Amino acid sequence: MTEETLLEAEEKMEKAVVVAKEDFATIRTGRPSPATFNKVTAEYYGTQTPINQLASFSVPEPRMVVISPFDVTSRTAIVNAIRNSDLGVNPSDDGQVIRVVFPDLSEERRKEYVKVARTKGEDAKIAIRNVRRRAKDDLEKAVKAGEVGEDEAHRAQKELDELAHKYVGQIDELLKHKESELLEV
């Protein structure tokens, strides 16, 4: 019982770290990457579809991303989705490919992105703490039901706290790396 609870909690904490990595990848640094577009969706045949499923991306220059749609008819929808996103860029469509030129980040914009990164990091930490709390509740219920001894539950709770501390540390490390990436000029 306690092992299952701990394994399930660890699995969920790992997922929280993976989600945090994905969220950090969508925050633009000085150099654009295809991951910047991961959360942008366009309407394609009546369905909101991530544009990374509608096109291929390349980065030919340090501040430019070239998007080649798989289906030429989706070009307009992709352009509109990028224009309406929070990326702050204006794509240009030449009929074949879509070019997105990213302006240099101002100091003010970099600081805004650092705040966004910290918020996303804090959200991930909250998710990890919520997983820990639910697992502790499950352990306490098992003790009350007589399925697990108090000593075993106490040991499992200590292990759970160590797991949570480990994954929160990973989030802090990811956040520190992202902040240094954002603030480097």
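Rules used throughout
Residues numbered from 1 in each chain as written. Predicted model: local features only at pLDDT ≥ 70, side-chain atom pairs only at ≥ 80, totals over all residues. Heavy atoms only, no water. UniProt positions renumbered as here; feature names shortened; annotations may be inferred. Phe/Tyr/Trp six-rings, centres within 6.5 Å; stacked < 30°, edge-to-face > 60°. Helix = DSSP H or I, 4+ residues; strand = E, 2+ residues; numbered from the N terminus. Buried < 20%, exposed > 50% of the residue type's maximum accessible area, 1.4 Å probe, protein only. Pairing = 2+ DSSP bridges. 1 Å grid on protein atoms, 1.4 Å probe; cavity = no way out; pocket = protein on both sides within 12 Å on 5 of 7 lines; lining within 4 Å. Points joined across faces, edges and corners; volume = space filled by probe spheres on them. Nonpolar A, V, L, I, M, F, W, Y, C, P; charged D, E, K, R; others polar.

The name that an unreviewed UniProt entry assigns to the protein is Ribosome-recycling factor, with the source organism given as Nocardiopsis flavescens. For the protein, the Sequence similarities (unreviewed entry) comment in UniProt is given as "Belongs to the RRF family."

This model, assessed by the stated rule, comprises 3 aromatic pairs. Pairing Phe37 with Phe102 gives two aromatic rings, centres 6.1 Å apart and planes at 65°, and the pair type is edge-to-face. Taken together, the positions of Phe37 in the loop between helix H1 (2–26) and strand S1 (41–44) and Phe102 in the loop between strand S6 (98–101) and helix H3 (107–145) put the pair 65 residues apart, joining distant regions of the chain. Note on accessibility: Phe37 and Phe102 belong to one class, buried.

Here S6 shows a buried face lined by Ile98 and Val100 and an unburied face lined by Arg99 and Val101. Looking at chain direction, strand S4 (residues 64–69) and S6 are connected through 4 bridges and run antiparallel. Along S6, the bridge assignment pairs Val65 with Val100. The sheet contact formed by strand S5 (residues 92–93) and S6 spans 2 bridges and is antiparallel. When the sheet's bridge partners are listed, Ser92 is paired in S6 with Arg99. Hairpin connection from S5 to S6: 4 residues lie between these consecutive antiparallel strands, with Gly95 at a positive phi of about 100°.

Right, let's talk about the layout of surface pockets for a bit. What the largest pocket holds in volume is close to 200 Å³. If you trace the largest pocket, you find it lined by Thr26, Ile27, Arg28, Thr36, Lys39, Val40, Asp86, Leu87, Arg109, Tyr113, Val116 and Lys120. If you tally residues by element for the lining of the largest pocket, the top one is H3, at 4 residues. Put simply, the second largest pocket is a space of about 160 Å³. At the level of elements, H1 and helix H4 (150–183) are the ones that each hand at least two residues to the lining of the second largest pocket. With 4 residues, the single largest contributor to the lining of the second largest pocket is H4. Residue composition of the lining of the second largest pocket, grouped by class: 4 nonpolar, 4 polar and 5 charged.

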